[in-house]
Every structure is written in structure tokens, then in C-alpha cells.
Amino acid sequence: MRPFDAQVQRVTEYVEFMRAQGRPTREFTVPRALDDLRASLPIRVGAGANPKIILRSETHVELGSPEAGSCAMVLWTDRPSMIRDGAITLIGPDVAEAAGSSLPFGQIVLVGGAELGPDEHQSIGHAQYVADQIEGYMVRSSSRSIWSRVSTQAAQKGFSFDTLGRSLMVVFKSSLPKVQAMEVVFVTSSKDDVLRLNDIAQVASDIGAEIVKEHWKARGFDLECDLDCRSCHDKDVCDDVRKILAGRLKKKRTADAQRAS
Amino acid sequence: MSEAHSNGTRVVGVCGKGGTGKTALTAMMARALAESGRAGKLLVIDADPALGQLSALGAKANRTMGQIREDIIRTARAGNRDAKAELAEKLDYLVLEALNEMENFTLLAMGRTETLGCYCPVNDLLQDSLEKLSESFDTILIDGEAGLEQINRQVVRRLDTLIVVSDPTSRGMETASVIKDMVEREGILDCRSLGLVFNRVAGNEELLRESAHKIGLELFGLVPNDERIAAFDLVGTPITQLPADSAGQTAVRKIVEARVLA
Amino acid sequence: MHDKHNKDAIEKSLNRYKKERDWFAFLLQAAEMMDTPEGKLQVKLLRILIDSKEKVIDCSENGKPFIAAYYCTAPELFTAMDLPWFMIMETPFLAASAPYITEDLEGTEEIGLGTDLCTAIRLPIYYIETGQMPVPTAVIGLLSPCDGTTMLQQVLRHNSAWKNVPLFSPDPPYSSDERAIKYFANELRQMVRFIEEHTGHKLDIDRLREVCEESNRCYSLWQEYNELRRAVPCPHGWEIGGAQAFAVSQCFKAGDPRCTDWFRQLVECGEEKIKAGRGANDYAPERIRLLWFDIMPYGWIFEFMPWLEFEWGAILVTDMFSNFPYTLIDTSSEETMFHDLAKRNLMDVPMIRQARGTAENFSSDIVRLVKDYKIDAVIWPGHMGHKDGAATAGIMRATCRDIGVPFLHIGLDLFDRRYTSVDEVKDKVSQFFTGMGLG
């Protein structure tokens, strides 16, 4: 099943666009095998690797605050060949270049696995909220976005977006064995650049919502009331009719105004 | 209560419990209005999904608003841009085509819809068209067989007069009381004047007056039981063919004079 | 009809309200004796609360404009318009543990209110019907998240003292997309026009900007505080932070610097405790980290919550009222402010967010909170009035099973201890903890 393939393609086009716009873009190629990935990291990754929360005073850089801008998504496909396994792309400044600042943050995780399907969708989506699994990195508990912190200690150990990308790959590949290929894109160049991703994210979110709805339905739970216009297949019909009505009312108002004058 | 319709059109609605003789009463009211010479151009709207007024008034089946609604939904669903644009242009003509021109009045049947779904904007569109159409008429009489909500959603939102019909039964009066609450307390429909008509009355008039008073509805009139109405209904003879001096028609004429045309 | 000039009617309508103010004044006295950072926080909060009540009393007694409104009707606007306001449903949320409440609950039954009606709705109806609620200049009604709330507005229309009080209820759309936000933003604009017309208080956009910026600071600190509660051990228990944060930021005076100051102090207090490795209390170490997925049992909170902590070491790490997505209000223009206020009040505000839907919000919130806060057990209290949420109990149970965390559905009344006795609740919780090998 390939519900997100078109969006994966759009991400590729986005990266090319950013490159063409002259944004500083860095590419990292990292080991693909899980053990090799782990071994290459300067920090610990796994359950309890970051047991303590990162306080404000311990923060090296804040990523994706509401003020700075954030956009995150996970797109999956059952065609691993669509994904450049082991590739990490960074558009914008890295951790070491942003000490003490609050950066806009876009994080796109692309995963591919021949056996990936709607049943894995929720687990894949939740995996990006890493909780305490990455030493020196805390994703804040904010439900709509990835808003995170890198600790000063981790930065001193050389924590970078390369590190973060590898860590995410360890988290995903170890908790989701069906993931065969994984690619990560980070965007920290500007709020506008990050928010540009919202178009793709919204479409992905809508597709994801349908998958979740079907998942629950298959389990005997109907998440949505049928009276919700948004879920109605004939919403377009009503939208068209509304336009007709709006046109008529506008004509009437103009005619009334002319009569009055 | 509302202000009068700005264009001076007088709008009267008839509703009440099923089986109280609303259809026959409305047909008699239509005749009384037409014959009074003071109703001007009269439009009778049959909001009965079963098209009861057609036979009561001796009219032939024509296109209904329900069918037009189906056409709109079909075009909006499957039509191309040109078809949709054409729909916007010719909607008012479609509604005109649904009118049934009789000798002294015009009849429009709401009919019913087959397509499942809310399609509230379609109702809004039709209501807008209906409002435009009503400007051409001096008096509109609505047989609200399917209830107040249907009148509000699909026909008009404001009435000058709402006549609640009951027969001399406690169930009929209970419904009348509920309708009163819906109008006065819940504001389901906006109307200037609200009153009760007892239909099929056969004695006990004082008791009926007291009942009306008890439920807080002004008594507009009492229409005596007329065996001929049932007989006409049975064989499909239009109610409008009742003798002009029949007790029922006479009573209705008085109600129309006092409560609608006054 | 309520006569604004009838001193007896006004006095009667304020009696209970003043009694509530006095109850908080009593709590303030107790808090002032606590020489701890938490005690100082309680003192600040109670002073803000009492001050807001005094303003309402003053307006009612002296014929000045004030309104009844709700927390999810963009209270920043009321602050910006310098308009005192109170919440019709204030008592169940703030004072349900007051000693006179049982008498009031019995009163609701005496006047014939159905006992299946949510107590949070039933109590205000009782106060309204018996003339014990200050009659405001105008009412901003609430039409979500539940039918009970909608019905409460209808009661106002039929009450002789309230029926002629102008009422405007912003219409919440079913969906939660951009179109819905724009629609609700327009509703808020109409609400402002309504308030201006009926109270004479005007909205100045520059003042609104100041208030929204202050509210942003408040929310930012609230978010920071929520992160602190993820620490193991959690720095605070049920009595600090959590729902108080919600009340301070939304119920009393949104966008007020005193509220931001309270949050600042709250965050500092939490950070100090985390640095010192201290938990919620020094004599009952944290053994169970709880997600209480609803509002707290305000009607019997003092009998239950301390027991949870002392008997089981069960710390209410987070609850439904404490947790919400964070929408920053973009103050660059009037349009962005109304847009973001609409978004916040339609989609973010606790309880509204979950209860108005979709049901997926329950599931996804639980999964996230369990992970982030290292939750050991999820309790859905099953408040008798949360019939909308009751329909999702199965989804919550299935979700908890999927993520391997114990789930308990109790069935109680958060405000009325007579519905399910406190002992019975304690018993159920104890059996649950024991059965799940917790604590």
C-alpha cells in the first residue's frame, strides 16, 4: 500500500527546491545496519537513555518552538526503493552553530519496508516522539509538533543533526523491525522554509486520519459521527451548491442596493 | 413574533397532529381565500411528502420541489462546470416549472427526496428560490403535513399566521400544545399570530373552548364534522367541490375572513 | 424578571457567591500559614481568585457591567475589554469541596432536577432557579462540548430573572480544520460586538495585543511547567500545578501579569525541586505515576487525592485539564489574533479538546502522555456527566491494552460523593493497583 508515495516525492522536490534557492544543505550518509548505527553514535540511544528532563538552564538549543516554527511528519511506503536508506539531509544551521538559540525545526522521516501497511501506521507515527530514548535530547510533550531540546552536555559530546538522524534511525529500526530503509530530512534555515512543509504535512495528516479511522472501524469502533460534513463523501456537492447560493445572494444584494439608490 | 414579510406577502401555515383533517381544511381555506377576492395571487404549498393536496384540490401531479432537489444534487455531483453554471442560471425556471396553475390559485408540491443525506445547502438554495418566487404572490398558504421543522428547513422561516389543527381528542390537543411550545418557547418557526382550529367538531363546543384556553392557544374557530368530506376523500373527489354553503366550508370561510384576511 | 435595582434580589443572588468568596478567604488564611514555595503559590492563586470574585460582587451591587462567560470563549477578550466576568459553572470546578455543597446538591433534587444530569450543570441550574446566582449584564453562552452545557443556556431563556438578559453563544462548528477556525473567529468577532453593545465596554486592538502577548507568556510557562512534571520523581502532586494552572490561565483573568507571575514562580519552584531530586512530597515517595484522564474529583478531593499519595505513593503526574496543545497567538494583526484565539479556544482548551472530538483525541493523547510522562496506570474516572466521553471508554481500554499500560474505568460523580462513595472508589482503586502489581 502506498498512501504517502506522492508526498514522499514532494519531499524530494522540496529538498531540491531548497537547494536551488541556495539554502546551505548538507548530506550525511550513515551506516544502515542497526548495530553499526549504534556504534557510530557519541551518545546513548535506547529506553531510558535520557532519564532526566532537560531544564531551560541545561539547554544548548531549542528546536521547533511555536515562536520559531515547527513541522514534522513521518511518511511510509511499502517500496523501500523510494527511500535513500541511511541518508540524512540538513537544510540550515547545525546544532554547534546555534548555541543558545531557538531554531525553527522541520523533521521529515521517510521509512520504507515491503511489509509496511496501515496496521503499522500508528506505531510508525508515534515512534518519532522519542521520549527518553536519546541521550541529551528531549522532545517536549506538545501534541501537535516536534518541539525539542538538545542539552548542553550532549552538545559538548558532539551532538549534531547527523547524530539526531542516526538516533532516530536506531529508534525506528529497533522498535519497528519491518522498516528496511529510512531517510531523514531536517530543516532549520528559517520559519518560512519550515512552514512551507505544512502543505505536505496537512495532506499526510488527512491521509493518516483516514487510515486511523479505518483501523478503529475494523476493530469495531466508529470514531466519527456520520453527521460530520468533513467525513461526508458529498461534501463537494454542498460546497458547489453553496457557491451557487452565494452568487445568488450577492446578485440580490446588488440589485437591492441599486434599487435603494 | 415577527414583522410582516417586507414585500407584503401574507404567509399562512397549517399544521397539527396527523389525521386531524389538515389537508381537507387547507383545501377549504384555499377555496375560501380564492373566492374572497381579497387574497390576490394565491400560492398553495403542499408540504405533504405524500402530496395530499393534489387530490384535495383536484390538481394533477407535476414536478415537485423534491424532484428539483434531486436534480440539483445529481448535477452538483456529476455535472461538469458548464452544467453547474447552467444550474445556477436556470434554478428559478425549474421552480417555476414545478408550479401547477389552477383556476384561482397556484399549487406547488414539495414532494419528497429519495437521496439519503443532509444536503443542507441544497435546502438553503431551494428556500432562497422559493422566497424569490413568493414575492410574486400576495398570499401563500402552506399545508405543513410533515411538521414545523420541515416548514422551517425547506419552505419558509417566517409566517404571518400559524393555524394549529386539532380534532376533539386529547392526543390532538397534546400535539397542539407541543406545537405551541415549539413556536413560543423554542422558536422553531417565527410567526406573528398563532391559533387553534378544532376540526370535525360534533358538539361539546364549550368544552373545546375551555381546552383551547387551558393549553394557552387562541381559538380561531370550530369546523363542524361533515360526512361528505370523508366521502369525497374516499373516492378522490376534490374537496373544493363541496357545496359552498356546506357547514364545513362556511366555518372555514369565517375563520379565513377573521384570522387571515383581516 | 430580575430587577437590577431591587436590592433584596441582588443581595440574595450574591449570598452564595459571597459565601464562596469567604470559603476561599478561609483557604487563603490556611495557605498563608504554609511557609513553603507551594504555600506561597497557593496564596497568590487564592488572592487572584478572591479579587476576581470581589470585582463581580462590586459590579453586581453597584450596577456596573459584568458578564457571565466560559473559559473557552476567549477570555483574553474580556481582559482586553476590562470587563469583569464569572463562570456560571464556577462552583463545581472551584468550590465543590466546600462544606455547604451537600446542602446545595440536595436542593437540586428538591426542585426536581434529574439526578442523571451532570452535577456540574445541575448545581448552576439550581442556583439560577433559586435566585442564588448574580444576574449579569449579558451572558456569553457555551454550546460545547456536551449536551448538558447547551441545555444550561436554554434554562437561562426560561428563567424569569435571566430570560431578558442578552445572551450570545458562539457557535462551535463540528469540524476542526482551517475553515472551522475561520468560522469560529467570526463568531468571536460577533461576540465582541455583542458585548460592546450591551456593556458599553469596547475592544481596543492594541490592548488586545498586550493581553495576548501576556497570555502567550503565561502559556509558554505553563508548557514549561508541564515538562517539569515529566521528571522522575514528579516535583508536585495533585494539589499544585495541574488544574490550578488551567484555572489561573483561563478562568480568572487570562492575560493578566499576575497570572504570568504565578506561572513563573510555579516553574521556578518545580525546577528547584527537580535539581534537588525531590518528589511531590517528602514523606510519601513516588511509587505509581498516574494519568487521571479527566478533571479531578473536586467534590471530594481532600478525602481522596491525599489518600492516593500517602497510601499508594500514587502521584497524579498529569490529568486531562493540565494537558493541551499549545497555540501561540500571533499578535501581528487583528486577523491573526482572532484566528489564533479561535484555534486555541476551539481545539486546544482542555476537556473541550477531548470531548468535542474526534474520539481519536482520547486515544492519541493517552499514547503520547503515557510515553512522555512514564505513566504506570491510566484512570478514566467515568464521571456520570461525561456521557460523551463514556462512549470512548472502549477505545481508551483498547489503546491502553495496545501500549501495555493498566487502565481503570471507575464510574463516579466528580462533584457528588453520594453517587459513588469515596470508600467505594478507594476500594476499586486499591483492587486495581493490587491486581496490576502496582505500588
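Undergrad: I'm lost on the overall build of chain B in this one. Help?
TA: On a plain count of helices and strands, chain B comes out with ten helices and eight strands. Computed over its C-alpha atoms, the radius of gyration of chain B comes to 18 Å, within 12% of the 18 Å expected for a compact globule of 262 residues. When its C-alpha atoms are laid out on the principal axes, chain B stretches across 65 × 40 × 35 Å. Evaluated residue by residue, chain B yields a buried proportion of 53% over its 262 residues. Within chain B, counting contacts between residues at least 6 apart in sequence, those at least 24 apart form 79% of the total. Total accessible area on chain B stands at roughly 11,900 Å², and carbon and sulfur atoms take up 47% of it. If you average the places of the 30 positive and of the 38 negative side-chain charges in chain B, the two averages end up 1 Å apart.

Undergrad: How do you make sense of the interface of chain B and chain A when you look at a structure like this?
TA: Interface size, as often reported, equals the accessible area lost upon joining of the parts. The interface is formed by 20 residues belonging to chain B together with 13 residues belonging to chain A. Across the chain B to chain A interface the summed buried area is about 1,400 Å²; carbon plus sulfur atoms make up 66%. Taken as a group, B:Pro121, B:Leu125 and B:Asp128 account for 37% of the area that chain B buries against chain A, more than any other trio of residues on that side. The interface formed by chain B and chain A includes three salt bridges. Linking B:Asp92 and A:Arg248 is a salt bridge whose minimum nitrogen-to-oxygen distance equals 2.9 Å. At the boundary of chain B with chain A, the tally comes to three residue pairs in polar contact (both at pLDDT 80 or more). Mapped onto the side of chain B that touches chain A, the elements with two or more residues apiece are helix 3 (65-78), helix 4 (81-97) and helix 5 (120-134) of chain B.

Undergrad: In this structure, what is going on with the packing of aromatic side chains? I would like to understand it.
TA: Here the distance between the centres and the angle between the planes together describe a pair of aromatic rings. All names here are of chain C. For the structure shown, the criterion picks out 30 aromatic pairs over all chains. Measuring from ring centre to ring centre gives 4.2 Å for Phe246 and Phe321, while their planes differ by 55°; the resulting arrangement is tilted. Placement of Phe246 in helix 10 (residues 243-252) and of Phe321 in the loop between strand 6 (314-319) and helix 13 (334-348) is noted, with a sequence separation of 75 residues between them. Each member of the pair, Phe246 as well as Phe321, is classed as buried. Taken together, a centroid distance of 5.4 Å and an interplanar angle of 75° make the contact between Trp300 and Phe304 edge-to-face. Using a relative accessible area of 0% as the deciding quantity, one classes Phe304 as buried. Three or more aromatic residues joined by ring pairs make a cluster, and in this case those are Tyr71, Phe93, Phe246, Tyr298, Phe321 and Phe415.

Undergrad: What exactly am I supposed to notice about the packing of helix 8 (residues 235-260) of chain A against helix 5 of chain B here?
TA: When two helices pack together, their arrangement is given by the angle between the helix axes and the distance between those axes. Running from N to C, helix 8 of chain A and helix 5 of chain B cross one another at 25°; their axes reach a closest spacing of 8 Å. The orientation of helix 8 of chain A relative to helix 5 of chain B falls into the category roughly parallel. The element helix 8 of chain A and its partner helix 5 of chain B pack so that their crossing is left-handed. Here helix 8 of chain A contributes A:Cys238, A:Val241, A:Arg242, A:Ile244, A:Leu245, A:Arg248 and A:Leu249 to the contact with helix 5 of chain B, which in turn contributes B:Pro121, B:Val122, B:Asp124, B:Leu125, B:Asp128, B:Ser129 and B:Lys132. For the contact of helix 8 of chain A with helix 5 of chain B, the residue count by class is eight nonpolar, one polar and five charged.

Undergrad: Whenever I open this one, the pairing of strand 5 (residues 139-143) of chain B confuses me. Can you help?
TA: Two faces belong to every sheet, and in a regular strand the side chains alternate between them. All names here are of chain B. For strand 5, the tally of buried residues reaches five of five residues, placing the bulk of the element in the interior. Alternating residues of strand 5 divide into Thr139, Leu141 and Asp143 and Ile140 and Ile142, and every residue in both groups is buried. With five bridges connecting them, strand 2 (residues 42-46) and strand 5 associate as parallel partners. Residue pairing for strand 5: Ile45 is matched across the bridge by Ile142.

Undergrad: It is not clear to me how the domain arrangement of chain A should be interpreted in this structure. Could you clarify?
TA: Under the domain assignment, chain A is made up of domain 1 (5-218) and domain 2 (230-260). Taken over C-alpha atoms, the centre of domain 1 of chain A sits 44 Å from the centre of domain 2 of chain A.

Undergrad: Can you walk me through the sheet that holds strand 6 (residues 105-112) of chain A in this structure?
TA: Two modes of strand pairing occur in sheets, parallel and antiparallel, and in both the strands are linked by backbone hydrogen bonds. All names here are of chain A. An order of 1-4-9-6-3 is seen for the five strands of this open sheet, with the pairing classed as mixed. Edge positions in the sheet fall to strand 1 (25-29) and strand 3 (70-77), since each of these pairs with one other strand and no more. Neighbour-to-neighbour, the strand axes of the sheet open up by a mean angle of 10°, direction not taken into account. Sheet topology note: the strand 3/strand 6 ladder contains eight bridges and is parallel. Along strand 6, the bridge assignment pairs Met73 with Ile108. Across the sheet, helix 5 (residues 161-175) is in contact with strand 1, strand 3, strand 4 (87-91), strand 6 and strand 9 (181-187); its angle to strand 9 comes to roughly 145°.

Undergrad: Looking at this structure, I do not really get the nonpolar core. What am I missing?
TA: Note that soluble globular proteins tend to have their nonpolar side chains buried in a common cluster. Grouped together as the largest cluster of nonpolar side chains are 167 residues, with contacts concentrated most on C:Tyr71, C:Leu77, C:Ile88, C:Tyr298, C:Phe304, C:Val378 and C:Phe433. Counting residues per element, this core draws most heavily on helix 2 (residues 37-62) of chain C, which supplies ten residues.

Undergrad: I'm lost on the interface of chain C and chain A in this one. Help?
TA: Contacts between the two partners involve 42 residues from chain C and, on the opposite side, 34 residues from chain A. Taken together, both faces of the contact between chain C and chain A bury some 3,300 Å²; the carbon and sulfur share is 52%. Sorting the residues of chain C by area buried against chain A places C:Glu227, C:Arg368 and C:Lys371 first, and these three jointly supply 19% of that buried surface. For the pair chain C and chain A, the number of links is six salt bridges. Counting every contact that joins chain C to chain A gives 13 residue pairs in polar contact (both at pLDDT 80 or more). With nine residues, the single largest contributor to the side of chain C that touches chain A is helix 15 (residues 360-373) of chain C. Here the side of chain C that touches chain A is built from residues that sort into 16 nonpolar, ten polar and 16 charged.

Undergrad: Explain helix 11 (residues 257-275) of chain C to me, please; I cannot follow it from the model alone.
TA: One turn of an α-helix holds 3.6 residues; hence residues three or four places apart share an orientation. All names here are of chain C. The end-to-end C-alpha distance of helix 11 is 27 Å, a good match for the 27 Å that 19 residues give at a rise of 1.5 Å each. Those residues of helix 11 that fall on the buried side of the exposure criterion are Cys259, Thr260, Trp262, Phe263, Gln265, Leu266, Val267, Cys269, Gly270, Glu271, Lys273 and Ile274. Looking at the buried side of helix 11, the elements it contacts are helix 2, helix 9 (205-228) and helix 10. Gly277 lies just past helix 11 and shows a positive phi near 70°.

Undergrad: Please explain unusual backbone geometry as it appears in this structure.
TA: Note on backbone geometry: most residues besides glycine have negative phi, and most peptide bonds are trans. The linkage connecting C:Ser144 with the following residue, C:Pro145, adopts the cis geometry, with an omega of 5°. With respect to the helices, strands and loops of the structure, C:Pro145 is situated in the loop between strand 3 (138-140) and helix 7 (147-158). A cis amide bond, omega 0°, links C:Val232 with the succeeding residue C:Pro233. With a phi angle near 60°, B:Asn204 is a residue other than glycine that sits in the positive phi range. Here the phi dihedral of C:Ala74 falls at roughly 50°; this positive angle occurs in a residue that is not glycine. Along the polypeptide, C:Ala74 turns up in the loop between strand 1 (67-69) and helix 3 (75-80).

Undergrad: Sorry, what's going on with the packing of helix 8 of chain A against helix 4 of chain B here?
TA: Two elements in contact, helix 8 of chain A and helix 4 of chain B, have axes whose closest approach is 10 Å; the angle formed by their N-to-C orientations is 50°. As the angle between them shows, helix 8 of chain A and helix 4 of chain B are arranged oblique. Considering how the two elements wind past one another, helix 8 of chain A and helix 4 of chain B form a crossing that is right-handed. Contacts between helix 8 of chain A and helix 4 of chain B involve A:Asp240, A:Ile244, A:Arg248 and A:Lys251 on the former and, on the latter, B:Lys84, B:Leu87, B:Ala88, B:Glu89, B:Leu91 and B:Asp92. Here the residues of the contact of helix 8 of chain A with helix 4 of chain B sort into four nonpolar, no polar and six charged.

Undergrad: Even after reading the chapter, I still don't get the sheet that holds strand 2 (residues 85-87) of chain C, so can you show me in this structure?
TA: Residue and element names in this part refer to chain C. The sheet built from four strands is open, its strands ordered 2-1-3-4 with parallel pairing. Of all strands in the sheet, those with a lone pairing partner are strand 2 and strand 4 (167-168), marking the two edges. Sheet strands touched by helix 8 (residues 178-199): strand 1, strand 3 and strand 4. Its angle to strand 3, the strand with the most contacts, is close to 170°.

Undergrad: When you look at the side chain of B:Ser246 in this model, what are you seeing that I'm missing?
TA: Position of B:Ser246 among the secondary structure elements: in the loop between helix 9 (227-235) and helix 10 (247-260). Apart from residues no more than four positions distant in its own chain, B:Ser246 is found in contact with B:Asp226 and B:Arg228.

What counts as what
Residues numbered from 1 in each chain as written. Chains lettered and ligands numbered in written order. Predicted model: local features only at pLDDT ≥ 70, side-chain atom pairs only at ≥ 80, totals over all residues. Heavy atoms only, no water. Helix = DSSP H or I, 4+ residues; strand = E, 2+ residues; numbered from the N terminus. Rg over C-alpha atoms; globule rule 2.2 N^0.38 Å. Buried < 20%, exposed > 50% of the residue type's maximum accessible area, 1.4 Å probe, protein only. Contact = heavy atoms within 4.5 Å. Areas by Shrake-Rupley, 256 points an atom, 1.4 Å probe, with all protein chains shown as cover. Lys, Arg positive; Asp, Glu negative; His and termini not counted. Charge placed at Lys NZ, Arg CZ, Asp CG, Glu CD. Buried area = accessible area lost by both parts, 1.4 Å probe. Salt bridge = Lys/Arg side-chain N within 4 Å of Asp/Glu carboxyl O. Polar contact = N/O pair within 3.5 Å; in protein donor to acceptor, adjacent residues only side chain to side chain. Phe/Tyr/Trp six-rings, centres within 6.5 Å; stacked < 30°, edge-to-face > 60°. Axes fitted to C-alpha atoms, helices over the stretch in contact; angles between N-to-C directions. Parallel < 35°, antiparallel > 145°, perpendicular 65-115°, else oblique. Left-handed = near helix turned anticlockwise from the far one by under 90°. Nonpolar A, V, L, I, M, F, W, Y, C, P; charged D, E, K, R; others polar. Pairing = 2+ DSSP bridges. Domains from an automatic or database assignment. Core = buried A, V, L, I, M, F, W, Y, C linked by side-chain atoms within 4.5 Å. Expected span 1.5 Å × (residues − 1).

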